[in-house]
Amino acid sequence: MKTNHKGFNYLLNIDMLIASISLIILVLITFFGVIMRYFFNDPFVWLQEVQLWCFTWVVFFGGGAAFRSGSHVAIDVLVDRMPPTARKIVEIFGYLVSMFVLAYLLVHGTNLVKQLFHTGRNTNILHTPYPIIYGAFPTGCVLMMINYSMIMAKSLSNKYVNTRGGE
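Since we're looking at a predicted model, the values are computed, not measured.

**A short note on the overall build of the protein chain**
Part 1 of the reasoning: Across its full length, the protein chain carries seven helices and zero strands.
Part 2 of the reasoning: When the helices and strands of the protein chain are placed in sequence order, the string is α-α-α-α-α-α-α.
Part 3 of the reasoning: Of all 167 residues assigned to the protein chain, the portion counted as buried reaches 28%.
Part 4 of the reasoning: Counting only contacts in the protein chain whose residues sit at least 6 apart along the sequence, the fraction spanning at least 24 positions is 74%.
Part 5 of the reasoning: Here the protein chain displays about 11500 Å² of accessible surface, and carbon together with sulfur accounts for 70% of that area.

This is the structure:
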């Protein structure tokens, strides 16, 4: 059982790995791109395409990791002052709104990738198919939905236990 759990954790962390590698590549190529352009007067012609790819992957794969680690933006000042039942209601409402928005983005992101696939569009310089780059959009939405659902389930079960134990 533990190996399955470990394997599942590795699978869950693949978004963090992809986002981290993409961020490292983004920073390095941007740094070296500036050096090449301004000091050697020999810019990388492919730089913008790779930056676009990396930025897209950092945003959408990093979003799933942010939901899982609780690093997403939240305004807790007001909610923390509410009674436990009101807090739970606000959290559930926020979860439902987030799921609706993510589902909306998932549908339209999937349509975008399908459209790019059917048109056969590629980037101008490296000829990378756009569906590979923008495939992170719907994939990231799915990962965010899964991670937020897991965190929400854990949060609600912990709060239920904590509220019953504390009263």
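Still to come is the rest of the account.
**A word on the layout of surface pockets**
Part 1 of the reasoning: By volume, the second largest pocket is sized at about 150 Å³.
Part 2 of the reasoning: Here the lining of the second largest pocket gets seven residues from one element, more than from any other, and that element is helix α3 (residues 47–69).
Part 3 of the reasoning: Across the lining of the second largest pocket, the residue classes tally to seven nonpolar, five polar and no charged.

**So, the environment of L106**
Part 1 of the reasoning: Tracing the chain through its elements places L106 in helix α5 (residues 84–119).
Part 2 of the reasoning: Given the relative accessible area of 21%, L106 is considered partly exposed.
Part 3 of the reasoning: Between the C-alpha atoms of L106 and T139, which are 33 residues apart in sequence, the distance is 8.0 Å.
Part 4 of the reasoning: Aside from chain neighbours lying at most four places away, what touches L106 is P138, C141, V142 and M145.

**Some thoughts on the packing of helix α2 (residues 14–39) against α3**
Part 1 of the reasoning: α3 packs onto α2 with a crossing angle of 145 degrees between their chain directions and a minimal axis gap of 7 Å. As for how α2 packs across α3, the hand of that crossing is left-handed. Each of D15, M16, I18, A19, S22, L23, I25, L26, I29, T30 and G33 in α2 lies in contact with α3, whose residues at this interface are L47, V50, Q51, C54, F55, W57, V58, F61, G62, G64, A65 and R68.
Part 2 of the reasoning: The class makeup of the residues in the contact of α2 with α3 is 15 nonpolar, six polar and two charged.

**As for the environment of T119**
Part 1 of the reasoning: Mapped onto the fold, T119 is located in helix α5.
Part 2 of the reasoning: Sequence-wise, T119 and Y130 are 11 residues apart; in three dimensions their C-alpha atoms are separated by 9.8 Å.
Part 3 of the reasoning: Polar side-chain contacts of T119 include one of 3.2 Å to the backbone oxygen of L116.

**Thoughts on the packing of aromatic side chains**
Part 1 of the reasoning: Inspection of every chain in the model, using the stated rule, returns seven aromatic pairs.
Part 2 of the reasoning: When the centroid spacing of 5.3 Å and the interplanar angle of 70 degrees are considered together, the rings of F31 and F32 count as edge-to-face.
Part 3 of the reasoning: Grouped by ring-pair contacts, the aromatic residues W53, W57 and F61 constitute a single cluster.

**Some points on the nonpolar core**
What tends to happen in soluble globular proteins is that the nonpolar side chains get buried as a cluster.
Part 1 of the reasoning: Among the nonpolar cores identified, the biggest contains 16 residues, and F61, M99 and L102 are the most heavily contacted of them.
Part 2 of the reasoning: Contributing elements (two or more residues each) for this core: α3, α5 and α7 (136–166).
Part 3 of the reasoning: Sorting elements by how many residues they give to this core places α7 first, with eight residues.
Part 4 of the reasoning: Here F61 is in contact with D15, I18, A19, A136, T139 and L143, once residues within four sequence places are set aside.
Part 5 of the reasoning: One finds L26, L47, V50 and C54 within the second-largest nonpolar core, a separate group that totals five residues.

Cut-offs used in this document
- Residues numbered from 1 in each chain as written.
- Predicted model: local features only at pLDDT ≥ 70, side-chain atom pairs only at ≥ 80, totals over all residues.
- Heavy atoms only, no water.
- Helix = DSSP H or I, 4+ residues; strand = E, 2+ residues; numbered from the N terminus.
- Buried < 20%, exposed > 50% of the residue type's maximum accessible area, 1.4 Å probe, protein only.
- Contact = heavy atoms within 4.5 Å.
- Areas by Shrake-Rupley, 256 points an atom, 1.4 Å probe, with all protein chains shown as cover.
- 1 Å grid on protein atoms, 1.4 Å probe; cavity = no way out; pocket = protein on both sides within 12 Å on 5 of 7 lines; lining within 4 Å.
- Points joined across faces, edges and corners; volume = space filled by probe spheres on them.
- Nonpolar A, V, L, I, M, F, W, Y, C, P; charged D, E, K, R; others polar.
- Axes fitted to C-alpha atoms, helices over the stretch in contact; angles between N-to-C directions.
- Left-handed = near helix turned anticlockwise from the far one by under 90°.
- Polar contact = N/O pair within 3.5 Å; in protein donor to acceptor, adjacent residues only side chain to side chain.
- Phe/Tyr/Trp six-rings, centres within 6.5 Å; stacked < 30°, edge-to-face > 60°.
- Core = buried A, V, L, I, M, F, W, Y, C linked by side-chain atoms within 4.5 Å.

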